[in-house]
Amino acid sequence: MTETENKTNFREEFEAHLNSPLPLIIRARNFIFGKERPDYYTQFSFYFALVFWFIFFLWSIMGNLVISLRDWIQEEKKINVTELIDKRGVELGFEPMSFMGRLELFHSVSIFFWIATFLGLILLWRKNLKFVYFFFSGAVLYLLFMWVMLGFGYWSKDTTLFDKITYFLMIGHTGVYAYFLKKEKEGQAFSFFGVDMTDDED
């Protein structure tokens, strides 16, 4: 292959690389999460919480979607979502026709709570202690808003044991991580899972 052909192939590959969405995705990822990976314990804590976060975030979106499309569901699938939700609301002690609006508002607002929680996870990845304000505010407000709008009975009876366990696992483990990170910022190094919690990796 001649030198001219080599230059032509390089230019074509470079142009294809620029036209690919991959560089844009990489730049966006680096802008959000930074170029440097944190230590292994931070990575574990991030992905551990991220899995649970995704479950709750997806649940909020799906709940909002089902309520928004309830007329279409009734028309296409012959399932009266409105009647089912209102019936359950009465069983939980709400006035007839009042539970639907509360449930719809809860799912809509909870999306913003989980977005705030995700912002906290981004800061956690960057080992910024301020992550606790976003993460715990979003997650705790989600639960409090559920109790206020839907009642403690809804949380007790209509959320699964899996939901309760994953929620408190996410909160509990992230709280432990926040404690270790705070100690590290104060100059006290900790070893967890056999990994020294410092920014420098071997």
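The structure we're discussing is the one just above.
Criteria and cut-off values
Residues numbered from 1 in each chain as written. Predicted model: local features only at pLDDT ≥ 70, side-chain atom pairs only at ≥ 80, totals over all residues. Heavy atoms only, no water. 1 Å grid on protein atoms, 1.4 Å probe; cavity = no way out; pocket = protein on both sides within 12 Å on 5 of 7 lines; lining within 4 Å. Points joined across faces, edges and corners; volume = space filled by probe spheres on them. Helix = DSSP H or I, 4+ residues; strand = E, 2+ residues; numbered from the N terminus. Nonpolar A, V, L, I, M, F, W, Y, C, P; charged D, E, K, R; others polar. Buried < 20%, exposed > 50% of the residue type's maximum accessible area, 1.4 Å probe, protein only. Salt bridge = Lys/Arg side-chain N within 4 Å of Asp/Glu carboxyl O. Core = buried A, V, L, I, M, F, W, Y, C linked by side-chain atoms within 4.5 Å. Contact = heavy atoms within 4.5 Å. Expected span 1.5 Å × (residues − 1). Patch = residues over 30% accessible without salt bridge, like charges linked within 9 Å, V, L, I, M, F, W, Y side chains within 5 Å. Areas by Shrake-Rupley, 256 points an atom, 1.4 Å probe, with all protein chains shown as cover. Phe/Tyr/Trp six-rings, centres within 6.5 Å; stacked < 30°, edge-to-face > 60°.

Would you take a moment to explain the layout of surface pockets for this structure?
Rolling a probe over the atoms, with the probe sized like a water molecule, indicates the empty space that remains. Considered as a void within the structure, the largest pocket measures approximately 290 Å³ in volume. Along the wall of the largest pocket there are 13 residues; nearest its centre are W59, I85, L103, H107 and Y154. The biggest single contributor to the lining of the largest pocket is helix α3 (residues 40-68), with five residues. Considering only residue class, the lining of the largest pocket consists of nine nonpolar, two polar and two charged.

What is the right way to read unusual backbone geometry from this model?
Only a minority of non-glycine residues have a phi that is not negative, and only a minority of peptide bonds are not trans. The phi dihedral of K78 is positive, around 60°, even though this residue is not glycine. Within the element layout of this structure, K78 appears in the loop between α4 (70-77) and α5 (81-91). Exposure remark for K78: the relative accessible area of 68% places this residue in the exposed category. Positive phi values are uncommon outside glycine, yet K127 reaches one of about 60°. Residue position: K127 is located in the loop between α6 (99-125) and α7 (131-150).

How should the pattern of salt bridges be read in this particular structure?
A side chain with one charge may pair with a side chain of the opposite charge, provided their charged atoms come close. The full count for this structure, using the stated rule, is five salt bridges. In this structure, K182 engages E186 in a salt bridge whose closest nitrogen and oxygen atoms are separated by 2.6 Å. For K182, a relative accessible area of 41% translates into the label partly exposed. Residues joined by salt bridges that share partners form a network here, namely D39, K127 and E184.

Before we go on, may I ask you to explain the nonpolar core in this structure?
Note that soluble globular proteins tend to have their nonpolar side chains buried in a common cluster. With 44 residues, the main nonpolar core has W114, F131, Y167 and M170 as its most contacted residues. Elements with a minimum of two residues in this core: α3, α5, α6, α7, α8 (152-158) and α9 (161-185). In contact with Y167, other than residues within four places in its own chain, are F56, W114, A139, V140, Y142 and L143.

How should the side chain of N64 be read in this particular structure?
Looking at the secondary structure, you find N64 in helix α3. With near-sequence residues (within four places) excluded, N64 lies in contact with E104, H107, S108 and I111.

Would you mind going over α9 with me for this structure?
The α-helix advances 3.6 residues per turn, and as a result positions three or four apart in sequence lie on the same side. Relative to the 36 Å expected for 25 residues at 1.5 Å per residue, α9 spans 36 Å between its end C-alpha atoms, a close match to the ideal helical length. Following α9 by one or two positions, G187 adopts a phi angle in the positive range, close to 100°.

What is the right way to read the environment of S137 from this model?
Mapped onto the elements of the fold, S137 is located in helix α7. Relative accessible area serves as the criterion here: at 37%, S137 is assigned to the partly exposed category.

Could you clarify how one ought to interpret a nonpolar patch on the surface in this entry?
The grouping of F112, I115, L119, Y133 and F134 at the surface amounts to a nonpolar patch, some 540 Å² of accessible area in total. Secondary-structure elements contributing two or more residues to the nonpolar patch are α6 and α7. At three residues, α6 tops the list of elements feeding residues into the nonpolar patch. With respect to the secondary-structure elements, L119 resides in helix α6.

How should I be thinking about the packing of aromatic side chains in this particular structure?
Geometry of an aromatic ring pair is reported as the spacing of the ring centres plus the angle between the planes. All chains considered together, the criterion is met by 27 aromatic pairs. Residues F99 and Y154 carry aromatic rings whose centres are separated by 6.3 Å and whose planes lie at 50° to one another, so their mutual orientation is tilted. Here Y154 lies in helix α8 and F99 lies in helix α6, a separation of 55 residues in the sequence. In this pair, the class of F99 matches that of Y154, namely buried. Ring centres of F131 and Y177 lie 5.9 Å apart, and the angle between their planes is 55°; this geometry places the pair in the tilted category. Highlighted residues: F131 in helix α7 and Y177 in helix α9, separated in sequence by 46 residues. A residue is classified by how much of its surface remains accessible, and F131, at 0% relative accessible area, is buried.

So what exactly am I meant to see when it comes to empty space enclosed by the protein here?
Counted by the stated rule, this structure contains one cavity of 30 Å³ or more. Each pocket or cavity is described by its volume, and for the largest cavity that value is around 110 Å³. Those elements that place two or more of their residues in the lining of the largest cavity are α3, α6, α7, α8 and α9. Residues of the lining of the largest cavity, tallied by class, amount to nine nonpolar, two polar and two charged.

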